[in-house]
Amino acid sequence: MSNKKNVVLAFSGGLDTAFCTVYLREQGYDVTTVTVDTGGFPPEQLERIAALARQLGAVEHVTVDARDTLFQGYLRYLIAGNVLRGQVYPLSVSAERACQAVEVVRVAREKGVQALAHGSTGAGNDQVRFDVAFRSLAPELELLTPIRTLSLSRQQELSYLAERGVHMPPKLGAYSVNEGMWGTSVGGAETLDSWRALPEAAFPGGELPADLKPRPLTIGFEKGVPVSLDGEKLGPVKLVEALNALGRTYGIGRGVHLGDTILGIKGRVGFEAPAAHLLVTAHRELEKLVLSGKQLFWKESMGNLYGSLLHEGHFFDPLVKDLEAFLTSSQERVTGEVRLVLHARTQVVEGVRSPHSLMDAKVATYGEANVLWNGSEAAGFAKLYGVAQMLSHRAK
């Protein structure tokens, strides 16, 4: 590197980070661009991004394959917690941004730079996620945010680059799409209005054929981690990618999430997350079979809390590691298989089995006979069970 100040820039290859690369270079920085692949980047796109970074004047471009890191450090806990924000949204972007920020800081440490930069605007959640991560992990490094600081419009960015001989393609199509391993977010005019629906064509999978036939599939888990699909052993990344490809053809995991943003306003985003929805559905059903009622009750609370911390930019609070320890412990007996059937836009659980099943027909069958107690013992239990309510009702 030269004697200039050095900065590592989180680089997506889009307009904002392209502007940042040129602008920071003109401000006297040697810019190292870092693209963290958390899924959704085909090889040819990664090559295009690297070539663009060099064209823009980056002194070095680094591509980090963080798909397995994303799963092991983030997604496995979202599965363990059955986390769907608002019961629908799988926190795909939240997990990706935390993972990307950590990897960008790791590269910055290796390069010995003086500054970190990202291309988020001042309008959304990502600026907070990157800022908090960078300041928590590398507080001694200068934080640069050109897009937020300058408050430029997209047209101003395009003009700035064009004046310097860099011609970025204008935004194409009516929808903004951000694809990752844990799901694809979709934004458009409809998501700015709480009443309007996204058309099927807006989702990456497009409109569904009318002649879709039901498709059975079986997902296997070991200690809460998905390990097989239809009996074939697969690593977690390959399994997630396979479920995304299969589920997308059925429109699984499509929806629109309406919720609270970090900045305190309501926001709405479309999403398509087949693997996340299939895995959470299957995992939740397996837990019903092997965990106690009290475990299930507290896991729901702890899973929701974990998801909120991740989504709202608190991933580096010590509580996160405490919750991960709880979730890991809760998965000790979550081993078995779940049988699903895919239909258009939905999945149905047909069966579940586990060597740790708490459902034993030899001991008791709900609503029928059992060998653990007799009728008089059951009558005594039922009488005692209702004493507090009886006394309360009598006191009225």
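How each quantity is defined
- Residues numbered from 1 in each chain as written.
- Predicted model: local features only at pLDDT ≥ 70, side-chain atom pairs only at ≥ 80, totals over all residues.
- Heavy atoms only, no water.
- Axes fitted to C-alpha atoms, helices over the stretch in contact; angles between N-to-C directions.
- Helix = DSSP H or I, 4+ residues; strand = E, 2+ residues; numbered from the N terminus.
- Parallel < 35°, antiparallel > 145°, perpendicular 65-115°, else oblique.
- Left-handed = near helix turned anticlockwise from the far one by under 90°.
- Contact = heavy atoms within 4.5 Å.
- UniProt positions renumbered as here; feature names shortened; annotations may be inferred.
- Domains from an automatic or database assignment.
- 1 Å grid on protein atoms, 1.4 Å probe; cavity = no way out; pocket = protein on both sides within 12 Å on 5 of 7 lines; lining within 4 Å.
- Points joined across faces, edges and corners; volume = space filled by probe spheres on them.
- Nonpolar A, V, L, I, M, F, W, Y, C, P; charged D, E, K, R; others polar.
- Buried < 20%, exposed > 50% of the residue type's maximum accessible area, 1.4 Å probe, protein only.
- Polar contact = N/O pair within 3.5 Å; in protein donor to acceptor, adjacent residues only side chain to side chain.
- Phe/Tyr/Trp six-rings, centres within 6.5 Å; stacked < 30°, edge-to-face > 60°.

(A) Fine view of the packing of helix 10 (residues 293-311) against helix 11 (residues 319-330). Where helix 10 contacts helix 11, the axes come no closer than 10 Å and their chain directions differ by 140 degrees. One finds that helix 10 runs oblique with respect to helix 11. Considering how the two elements wind past one another, helix 10 and helix 11 form a crossing that is left-handed. Every residue of helix 11 that contacts helix 10 at Trp298, Lys299, Met302, Leu305, Tyr306 and Leu309 is listed here: Leu319, Val320, Leu323, Glu324, Phe326, Leu327 and Ser330.

(B) Molecular detail of the UniProt feature "domain: Arginosuccinate synthase-like N-terminal" (unreviewed entry) in the protein chain. UniProt's entry tags residues 7-166 with the feature "domain: Arginosuccinate synthase-like N-terminal" (unreviewed entry), counted in the numbering of this structure. As annotated, residues 7-166 comprises 54% helix and 16% strand, and the C-alpha atoms at either end are separated by 21 Å.

(C) Representation of the domain arrangement of the protein chain in the model. Here the protein chain is described as being made up of domain 1 (5-163), domain 2 (176-291 + 333-353) and domain 3 (364-395). For domain 1 versus domain 3, the separation of C-alpha centres amounts to 60 Å.

(D) Fine view of empty space enclosed by the protein. One pass over the full model with this rule turns up one cavity of 30 Å³ or more. When contributions to the lining of the largest cavity are tallied by element, the ones reaching two or more residues are helix 4 (92-111) and helix 5 (126-137). Split into classes, the residues belonging to the lining of the largest cavity amount to five nonpolar, two polar and one charged.

(E) Just the packing of helix 8 (residues 236-248) against helix 9 (residues 274-290), in detail. It is at 7 Å that the axes of helix 8 and helix 9 come closest, and there the two elements cross at 105 degrees. Taken together, helix 8 and helix 9 sit at an angle that is classed as roughly perpendicular. Of the residues in helix 9, those in contact with Leu239, Val240, Leu243, Asn244, Gly247 and Arg248 of helix 8 are Pro274, Ala275, Leu278 and Leu279. Split by residue class, the contact of helix 8 with helix 9 holds seven nonpolar, two polar and one charged.

(F) Broad picture of the side chain of His118. Examined against the element boundaries, His118 turns out to sit in the loop between strand 4 (115-117) and helix 5. The class of His118 is buried, set by a relative accessible area of 0%. At 3.2 Å, the side chain of His118 and the backbone nitrogen of Ser120 are in polar contact. When neighbours within four sequence positions are excluded, His118 is seen to be in contact with Leu9, Cys20, Gln127, Phe130, Asp131, Phe134, Leu143, Leu144, Thr145 and Pro146.

(G) Region of the structure containing the packing of aromatic side chains. Going through the model one piece at a time under the given rule, you end up with 10 aromatic pairs. Between Tyr23 and Tyr160, the ring centres sit 6.5 Å apart and the planes meet at 55 degrees, which makes this aromatic pair tilted. Here Tyr160 lies in helix 7 (residues 154-163) and Tyr23 lies in helix 1 (residues 15-26), a separation of 137 residues in the sequence. Given a relative accessible area of 14%, Tyr160 falls into the buried group. A centroid spacing of 6.0 Å and a plane angle of 50 degrees characterise the contact between Tyr77 and Tyr306, whose relative ring orientation is tilted.

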